Amino acid sequence: RSHTKDFQIMRLLDTEEIESAVYRAARHAGVNLTSSCRAALADAYEREADGAAKFALGELIENSYIAREKQMPVCQDTGMAVVILEIGNEVCLTGRPVYEAVNDGVRRAYADGYFRKSVCDPITRKNTADNTPAAIHTEIVAGDRVKLTFMPKGFGSENMSALYMLKPAQGVEGIIDAIVETVKRAGSRPCPPVYVGVGIGGTFDGCAYLAKKALTRDIGTHSDREDIAAIESEALRRINGLNIGCQGFHGKVTALGVSCEWAHTHIAGLPVAVNIQCHCVRCVKEII
């Protein structure tokens, strides 16, 4: 009897709604920077003194306005679709399998938006021709809603990312050194000013996901842990002292922000993942 009662209060959600949400998110993200990215670029423009870097920042800002006005891709690399589904434990998904629904939403959006299709087989390099499959992550959370996060991830910046298996004794300094070294080694290649997502702890694979998830935070937000917020601030300070600057033209602003997510780890390890995002931060969130 109790099982029947529990089932009756579950919220039924047809995955058709998830497909529609993915479609809306992908179409919007393809042509719009996030509001926090636009604000960070404007702030960088005001702070930048170097002529070439300031000019480049102005061009990036103008490009974002043209893309939004004309509803055209804000970058030619319309990315590999990264989708995070935080599914409430009181939600019962009905209809097609949820991954199928997500990929159908991506497929339709990239066709209707005239977005570049960039997904291919890793060995044969044959293009799937519709930008699927998406990189899909799922989490089970409390509640009766599904939180969808959609982020197109370009690979000029993705290719500059790195994962470190540090020794525990390297501690906070080792973490900051790894973050700064990754950006320094990348130089101008990830189209700076960059946004840096960092995963600290967990496992080899889990740490990389934390770094990816960190990039879905608004630029300028900080961890609610004081010690991790201090890592974010110090890493950003050191990165902006590298003098790489916008598009590699040197200057004060190499990174717009650094965001860290963390998880408990093993006593013998200190995994640190650094996921680089270019200046073109595109991320849409929706509650279903």
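Structure: see above.
Residues numbered from 1 in each chain as written. Predicted model: local features only at pLDDT ≥ 70, side-chain atom pairs only at ≥ 80, totals over all residues. Heavy atoms only, no water.

(A) Inspection of the nonpolar core at higher detail. Within the largest apolar cluster, 27 residues are counted, with the highest numbers of intra-cluster contacts made by Ile18, Leu85, Val102, Leu148 and Phe150. Looking at this core, the elements with two or more residues in it are helix 2 (15-31), strand 2 (80-88), helix 5 (98-112) and strand 5 (146-153). Counting residues per element, this core draws most heavily on helix 2, at eight residues. With near-sequence residues (within four places) excluded, Leu148 lies in contact with Ala21, Val22, Ala25, Val83, Ile84, Leu85, Val284, Lys285, Glu286 and Ile288. Listed in part, the 26 residues of the second largest apolar core include Ala162, Leu166, Val194 and Val258. (Core = buried A, V, L, I, M, F, W, Y, C linked by side-chain atoms within 4.5 Å. Buried < 20%, exposed > 50% of the residue type's maximum accessible area, 1.4 Å probe, protein only. Helix = DSSP H or I, 4+ residues; strand = E, 2+ residues; numbered from the N terminus. Contact = heavy atoms within 4.5 Å.)

(B) Examining the pattern of salt bridges more closely. Taken as a whole and assessed by the stated rule, the structure comprises 21 salt bridges. Of the charged contacts in the structure, one is a salt bridge between Arg217 and Glu232, with a shortest N-O distance of 3.2 Å. Of this pair, Arg217 sits in the loop between helix 8 (204-214) and helix 9 (226-239) while Glu232 sits in helix 9, placing them 15 residues apart in sequence. Each member of the pair, Arg217 as well as Glu232, carries the same accessibility label: buried. For Arg238, the salt bridge is made with Glu234, and the minimal N-O distance between the two is 2.8 Å. You can see Arg238 and its partner Glu234 sitting in helix 9, four residues apart, about one turn around the helix. Since its relative accessible area comes to 24%, Arg238 is described here as partly exposed. Since its relative accessible area comes to 22%, Glu234 is described here as partly exposed. (Salt bridge = Lys/Arg side-chain N within 4 Å of Asp/Glu carboxyl O.)

(C) Fine view of the sheet that holds strand 4 (residues 135-141). Taken in spatial order, the four strands of this open sheet run 4-2-5-10, and their pairing is mixed. With partners counted over all chains shown, the strands left at the sheet margins are strand 4 and strand 10 (284-287), one partner each. With strand direction ignored, the average angle separating the axes of adjacent strands in the sheet is 15°. As judged from the eight bridges shared by strand 2 and strand 5, these two strands associate in the antiparallel manner. Residue Glu86 lies in a different strand from strand 5, and its bridge partner there is Lys147. Helix-sheet contacts for helix 2 involve strand 2, strand 5 and strand 10, and the interaxial angle to strand 5 is about 35°. (Pairing = 2+ DSSP bridges. Axes fitted to C-alpha atoms, helices over the stretch in contact; angles between N-to-C directions.)

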